[in-house]
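# Coordinate inspection notes
Residue-level listing of the chains:
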Amino acid sequence: MIINLLIFFSLFFSPETQNESVELLVNDIRVGECKTQISALEIYVSKIDSVGLTKFKDEYLLCIDLGNKSFSDSKNIDGIAIQINKIYNFHRTLSQALVEFSRVNNPKHSRIPVGGQIPFFTYKKNLEKIYIRSQNIIDFDRNPISCEIIITNGKKELVFFLGGNPVQSDNKLIVLDAIESINKIINLTNPSYLNNFLNN
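First things first, this report covers the structure right here in the doc.

## What about unusual backbone geometry?
Positive phi, close to 55 degrees, is recorded for Asn-153, a residue that is not glycine. Relative to the assigned elements, Asn-153 resides in the loop between strand S6 (143-152) and strand S7 (155-162).

Dropping the structure here:
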């Protein structure tokens, strides 16, 4: 019986088993969520372990899981990720968009570009590493994402598009239709707020 116990403990505490248990405990850190009638977004911070991403010299990615997305060109992605050192650009674009969204009143139709293009990665969650988004990047080439306020029949929407020319694209990634939801994303992606998750 003692021999059986020794064999059990040697297997359970072997280096291979310890590595496996540590690997299973690695998860992305959930920052928060923003739900609207159009979009359901969940925001995470994901540690970079992928060799293809380490060349960008970041330790983490800000990841946004996308819900209710529509792609005309059948791209199949579950989320977008931005390097932490680029988050200021994204946050500044959102802040500009909030000002424009609040300012524009009741035109019938209009398209207002906001900010410049923002480079994002795209990822697809798989069953093996569903909780480690940085390891599920589809490719290591960053995709341009553009932002516009679109007004149709007096209804305003803040839309993030995949691709460099949103006028010719139906690839809506994020659609926000209220000041409250824009404010929510601004708060969740505030660099100071994110630092709390990275430093704890």
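## Digging into the environment of Ile-112
In this structure, Ile-112 sits in strand S5 (residues 109-123). The class for Ile-112 is buried, based on a relative accessible area of 17%.

## Some remarks on the side chain of Asp-28
Looking at where Asp-28 falls in the secondary structure, it is placed in the loop between helix H2 (15-25) and strand S1 (29-35). By relative accessible area, which is 12% here, Asp-28 ends up buried. Separated by 2.7 Å, the side chains of Asp-28 and Ser-46 make a polar contact. Discounting residues that sit within four places of it in the chain, Asp-28 has contacts with Tyr-44, Val-45, Ser-46, Lys-47, Tyr-131, Ile-132 and Arg-133.

## Some thoughts on the sheet that holds strand S2 (residues 40-47)
Two modes of strand pairing occur in sheets, parallel and antiparallel, and in both the strands are linked by backbone hydrogen bonds. The sheet built from 8 strands is open, its strands ordered S1-S2-S3-S4-S5-S6-S7-S8 with antiparallel pairing. Among the strands making up the open sheet, the edge pair consists of S1 and strand S8 (172-176). Pairs of neighbouring strands in the sheet enclose a mean axial angle of 30 degrees, with direction left out of account. Across 8 bridges, the pairing between S6 and S7 is antiparallel. Pairing of Cys-147 across the sheet is with Phe-160, part of S7. This element, helix H4 (residues 87-103), spans strand S3 (60-65), strand S4 (79-83), S5, S6, S7 and S8 of the sheet and lies at about 160 degrees to S5. Sitting on the sheet, helix H5 (residues 179-188) is in contact with S1, S2, S7 and S8, with an inclination near 170 degrees to S1.

## Section: the pattern of salt bridges
A side chain with one charge may pair with a side chain of the opposite charge, provided their charged atoms come close. Tallied over the full model, the rule gives 9 salt bridges. Between Arg-30 and Glu-42 there is a salt bridge, with its nearest N and O atoms 3.4 Å apart. Placement of the pair is Arg-30 in strand S1 and Glu-42 in strand S2, with a sequence separation of 12 residues. Connected through shared salt-bridge partners, Arg-30, Glu-33, Lys-35 and Glu-42 make up one network.

## As for the side chain of Lys-156
You can see Lys-156 is positioned in strand S7. Of the side chains bearing the opposite charge, Glu-100 lies closest to the buried Lys-156, which forms no salt bridge; the N-O distance is 9.4 Å. Polar contacts involving the side chain of Lys-156 include one to the main-chain carbonyl oxygen of Phe-101, which spans 2.5 Å. Setting aside residues up to four positions removed in sequence, Lys-156 forms contacts with Phe-101, Val-104, Ile-150, Ile-151 and Asp-177.

Rules behind the numbers
Residues numbered from 1 in each chain as written. Predicted model: local features only at pLDDT ≥ 70, side-chain atom pairs only at ≥ 80, totals over all residues. Heavy atoms only, no water. Helix = DSSP H or I, 4+ residues; strand = E, 2+ residues; numbered from the N terminus. Buried < 20%, exposed > 50% of the residue type's maximum accessible area, 1.4 Å probe, protein only. Polar contact = N/O pair within 3.5 Å; in protein donor to acceptor, adjacent residues only side chain to side chain. Contact = heavy atoms within 4.5 Å. Pairing = 2+ DSSP bridges. Axes fitted to C-alpha atoms, helices over the stretch in contact; angles between N-to-C directions. Salt bridge = Lys/Arg side-chain N within 4 Å of Asp/Glu carboxyl O. Lys, Arg positive; Asp, Glu negative; His and termini not counted.

From the geometry alone we can't say anything about function, so treat these as descriptive.
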